[in-house]
Amino acid sequence: MGEPLVLYSLEGDVALIRLNRPEKRNAISDAVIEALAACVARASAEAKAAVIHGAGEHFSAGLDIVEHVEKSPIEGVHGSRRWHAVFDTIQRGAIPFVAALHGAVVGGGLELAASTHIRVADRTAFFALPEGQRGIFVGGSGSVRIARLMTVARMTDLMLTGRVFTAEEGERYNLVQYLVEPGAALDKAKALARIAAGNAPLSNYAVINALPRIQDMAQDDALFVESIIASFTATSPEAAERLKAFIEKRAARLAVAGSGE
Ligand code: 1HE
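None of these values were measured; they are calculated from a predicted model. (Residues numbered from 1 in each chain as written. Predicted model: local features only at pLDDT ≥ 70, side-chain atom pairs only at ≥ 80, totals over all residues. Heavy atoms only, no water.)

(A) Looking closely at the pairing of strand S3 (residues 49–54). For S3, a buried count of 6 out of 6 residues is recorded, marking the element as mostly surrounded by other parts of the structure. Covered by surrounding structure in S3 are Ala49, Val51 and His53 together with Ala50, Ile52 and Gly54, the residues of both alternating faces. Here 6 bridges tie strand S2 (residues 14–19) to S3, and the two strands are oriented parallel to one another. If you follow Arg18 over to S3, its bridge partner there is His53. The handedness of the S2 to S3 crossover, carried by helix H1 (residues 30–46), is right-handed. Sheet topology note: the S3/strand S4 (residues 97–101) ladder contains 3 bridges and is parallel. (Buried < 20%, exposed > 50% of the residue type's maximum accessible area, 1.4 Å probe, protein only. Helix = DSSP H or I, 4+ residues; strand = E, 2+ residues; numbered from the N terminus. Pairing = 2+ DSSP bridges. Right-handed = clockwise from strand over helix to strand, strands pointing away.)

Written out as structure tokens, the structure reads:
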């Protein structure tokens, strides 16, 4: 047996999940998806936040093309649905996920990154959707998640023209929330994950699960759901303690973060 395809470790409350197939540029095979699913499940059970990153020079080259060409149409559907299920456990699961991006963040690699809650890219990162050139289509939730981040117009452009976004363009077009110097993405992602891990778990759960659903609702329904969630979180024992700490001036002050680096 060789090295695990995905490595897992726990640093305090933060789980580190590392795509570990650098010789294939962390291309995502069926086995990688299952290894990732196991790590996400473990992190969700024992950590308060998690970081996903990639070994080697690239975050991920996306779908394992070599494996994909062997699949029948229905096997392709089942494969795509499995990606959806696993990425849903990231985006609408139990804990916040932060992606640390560098090098290629391409195709299914970008779909994976788009399922996390905060994306940090270093300046070596680049983003592309070469599905059009390969004669295929996004199948790992990109038509929903990536389109929502960068807009349908920009995603259409990338898919039709093979355009590659630099890290700076990725930030400008909303693919990433933080841009850092080469090699600094993992440390920044860990720092952000530690901060998120310090929030009340119920608030994090509401952010992860209520916020995206509210975006899909009509305004009247959305505002109603917001009121229910707001009251549910505010009346929890942890909220009572945290609100009391603020009133008694025991809570940490707000810190202005500046450029985000
Ligand atoms: C792969 C893959 C892969 C590399 N599947 N084996 N994704 C793509 O169309 C991107 C394809 N990959 C690339 O464009 C480049 O590999 C990179 C820009 C990411 C990196 O370039 P480089 O020069 O560092 O590496 P390389 O020499 O191209 O590749 C090194 C090895 O990784 C080589 O294998 P080797 O046995 O010849 O050493 C490559 O074949 C292998 N490799 N990428 C399989 N993707 C759910 S739907 C999602 C749809 C998509 O994701 S479409 C986008 C697919």
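(B) Structural view of the site of the ligand. Lys24, Arg25, Ala61, Gly108 and Arg134 are the nearest of the 22 residues found near the ligand. Contacts to the ligand include Glu23, whose backbone N or O atom sits 3.5 Å from an oxygen atom. Separating an oxygen atom of the ligand from a side-chain N or O atom of Arg25 is a distance of 2.8 Å. The protein chains hide 66% of the 1,000 Å² of surface that the ligand would expose on its own. Listing elements by their share of the shell around the ligand, those giving two or more residues are strand S5 (104–106), helix H4 (108–114) and helix H5 (131–134). Residue classes in the shell around the ligand are distributed as 9 nonpolar, 6 polar and 7 charged. (Near = heavy atom within 4 Å. Polar contact = N/O pair within 3.5 Å; in protein donor to acceptor, adjacent residues only side chain to side chain. Areas by Shrake-Rupley, 256 points an atom, 1.4 Å probe, with all protein chains shown as cover. Nonpolar A, V, L, I, M, F, W, Y, C, P; charged D, E, K, R; others polar.)

(C) Local environment of the packing of helix H10 (residues 201–215) against helix H11 (residues 219–234). In the contact formed by H10 and H11, the axes pass within 11 Å of each other and the chain directions differ by 175 degrees. Taken together, the axes of H10 and H11 lie roughly antiparallel to each other. Of the residues in H11, those touching H10 at Leu202, Ala206, Ala210 and Ile214 are Ala222, Val225, Glu226, Ile229, Phe232 and Thr233. Residue composition of the contact of H10 with H11, grouped by class: 8 nonpolar, 1 polar and 1 charged. (Axes fitted to C-alpha atoms, helices over the stretch in contact; angles between N-to-C directions. Parallel < 35°, antiparallel > 145°, perpendicular 65-115°, else oblique. Contact = heavy atoms within 4.5 Å.)

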